[in-house]
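Listed below, chain by chain, are the residues.
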Amino acid sequence: MLPAAQRGWLGCAGALAASAVVLLGILHADDSRPGAVDVRVGALVDGARPPWWQQAALAADFLGEPAGAAALVLVVVTGCLLLRRPRAAVLVVAGAGLTVGTTTLLKHVVGRTINGGYLSYPSGHTAFLTALAVSLTLLAVSGAGRTAGALLVSTAALAAGAVMGWAQVALGAHYPTDALGGWCTALAVTPATAWLVDRAADAAGARPADRGPRPRP
């Protein structure tokens, strides 16, 4: 699930993303107000609201809610199994689960709040959709070259993060830096999860019991 051609840059991107998550967490620890970046980005979002913005934002937001996320994961996992890609199915579940679990833990550690006390940093919705997009794209680029694969993974991650991040900011559920923190969390956790899935699957396939009976002396 983690093609050799993509490991180098994804490792570097994951390290940078993890650093950004920590830095933003330190800057906004125990905070309950938008920062300077949040104010500027929030003004841009508020100033660009087409007539259909609320319906679109609510639809995107639903994909990060428990019911919507579970349905989306179920559909994707079913597709992976029909394509006979069990590792991809495991990555979808494990990647999304570990990413959302990480955001939940970080929310309690950082303690940033919004709307009267709701923990907000980092955005679990943004992290979930980004993790799912990265997992699916890693499946699609398994045979691609380094440049093409990097472009596809980056585009998918940016698109998913931008859509969900916009929805969360537009609905007032998160600050823009919360969405950025969630996006970075997914970029840090998902490739690492893919590597662990590969290691576990390769180790299971290398067990003597899986190679058939040993020849008798």
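In the block above lies the structure referred to throughout.
The shown structure was predicted, so the numbers you read here are calculated from the model rather than taken from an experiment.

Peer 1: Is there a simple way to explain helix H6 (residues 124-140) in this structure?
Peer 2: In an α-helix, one turn spans 3.6 residues, which is why side chains three or four residues apart end up on the same side. Spanning 17 residues, H6 covers 24 Å between terminal C-alpha atoms, matching the ideal 24 Å at 1.5 Å per step. For H6, the buried fraction is high: 15 of the 17 residues fall into the buried class.

Peer 1: Looking at this structure, I do not really get the state of the cysteines. What am I missing?
Peer 2: Cysteine pairs can be covalently joined through their sulfur atoms, and such a bond is termed a disulfide. Within the structure shown, the criterion is met by zero disulfides. Cysteine Cys-184 shares no disulfide, and the gap to the nearest cysteine sulfur, in Cys-12, comes to 15 Å.

Peer 1: In this structure, what is going on with the packing of helix H7 (residues 146-170) against helix H8 (residues 176-205)? I would like to understand it.
Peer 2: When two helices pack together, their arrangement is given by the angle between the helix axes and by the axis-to-axis distance. As a packed pair, H7 and H8 sit with axes 9 Å apart at the nearest point and diverge in direction by 150°. Here H7 is positioned roughly antiparallel relative to H8, judged by the angle of their axes. The handedness of the crossing between H7 and H8 is right-handed. Contacts between H7 and H8 involve Ala-157, Leu-158, Gly-161, Gly-165 and Val-169 from the former and Pro-176, Ala-179, Trp-183 and Leu-187 from the latter. Among the residues forming the contact of H7 with H8, the class breakdown is seven nonpolar, two polar and no charged.

Peer 1: Explain the nonpolar core here, please?
Peer 2: Proteins that are soluble and globular tend to have nonpolar side chains buried together. The biggest cluster of nonpolar side chains holds 31 residues, and the ones touching the most others in it are Met-1, Cys-80, Val-92, Leu-138 and Val-153. Put simply, the parts of the chain that give this core at least two residues each are helix H1 (4-27), helix H4 (66-82), helix H5 (86-110), H6, H7 and H8. At six residues, H5 tops the list of elements feeding residues into this core. Apart from the residues lying within four places of it in its own chain, the contact partners of Val-153 are Trp-9, Leu-10, Val-134, Thr-137, Leu-138 and Val-141. Listed in part, the seven residues of the second largest apolar core include Trp-53, Ala-60, Val-169 and Ala-170.

Peer 1: Any chance you could explain the side chain of Thr-177 here in plain terms?
Peer 2: The residue Thr-177 is located in helix H8 in this model. The exposure class of Thr-177 is buried, given its relative accessible area of 6%. Reaching out from Thr-177, the side chain makes a polar contact with the side chain of Arg-112 at a distance of 2.7 Å. With residues near it in sequence (within four places) discarded, Thr-177 still touches Leu-24, His-28, Val-37, Asp-38, Arg-112 and Tyr-121.

Peer 1: When you look at helix H2 (residues 36-46) in this model, what are you seeing that I'm missing?
Peer 2: For H2, every residue scored as buried is listed here: Asp-38, Gly-42 and Val-45. The buried residues of H2 all sit within an arc of 55° when viewed along its axis, so they share a single face. Counted as exposed and oriented over 90 degrees from the buried face of H2: Ala-36, Val-37, Arg-40 and Leu-44. Contact partners of the buried residues in H2: H7 and H8.

Peer 1: In this structure, what is going on with unusual backbone geometry? I would like to understand it.
Peer 2: Trans is the prevailing form of peptide bonds, just as negative phi is the prevailing case for residues other than glycine. Across the junction of Tyr-121 and Pro-122, the peptide omega takes the value -5°, indicating a cis bond. Not every positive phi belongs to a glycine, and Arg-84 is a case in point at roughly 60°. Note on placement: Arg-84 falls in the loop between H4 and H5. The backbone of Asn-115 sits at a positive phi, close to 55°, despite the residue not being glycine. The residue Asn-115 is located in the loop between strand S1 (113-114) and strand S2 (118-119) in this model.

Peer 1: Looking at this structure, I do not really get the environment of Val-41. What am I missing?
Peer 2: Among the structural elements, Val-41 can be located in helix H2. Taking C-alpha positions, Val-41 is 6.6 Å from Pro-176, a pair spaced 135 residues apart along the chain.

Peer 1: Please explain the packing of H4 against H5 as it appears in this structure.
Peer 2: At a closest axis distance of 7 Å, the pairing of H4 and H5 adopts a crossing angle of 165°. On the basis of the axis angle, H4 is roughly antiparallel to H5. Pair H4 / H5 crosses with right-handed handedness. Mapping the contact onto sequence places Val-73, Val-76, Val-77, Cys-80 and Leu-81 in H4 and Pro-86, Ala-88, Ala-89, Val-92 and Val-93 in H5.

What counts and how
- Residues numbered from 1 in each chain as written.
- Predicted model: local features only at pLDDT ≥ 70, side-chain atom pairs only at ≥ 80, totals over all residues.
- Heavy atoms only, no water.
- Helix = DSSP H or I, 4+ residues; strand = E, 2+ residues; numbered from the N terminus.
- Expected span 1.5 Å × (residues − 1).
- Buried < 20%, exposed > 50% of the residue type's maximum accessible area, 1.4 Å probe, protein only.
- Disulfide = S-S within 2.5 Å.
- Axes fitted to C-alpha atoms, helices over the stretch in contact; angles between N-to-C directions.
- Parallel < 35°, antiparallel > 145°, perpendicular 65-115°, else oblique.
- Left-handed = near helix turned anticlockwise from the far one by under 90°.
- Contact = heavy atoms within 4.5 Å.
- Nonpolar A, V, L, I, M, F, W, Y, C, P; charged D, E, K, R; others polar.
- Core = buried A, V, L, I, M, F, W, Y, C linked by side-chain atoms within 4.5 Å.
- Polar contact = N/O pair within 3.5 Å; in protein donor to acceptor, adjacent residues only side chain to side chain.
- Arc of directions from axis to C-beta.

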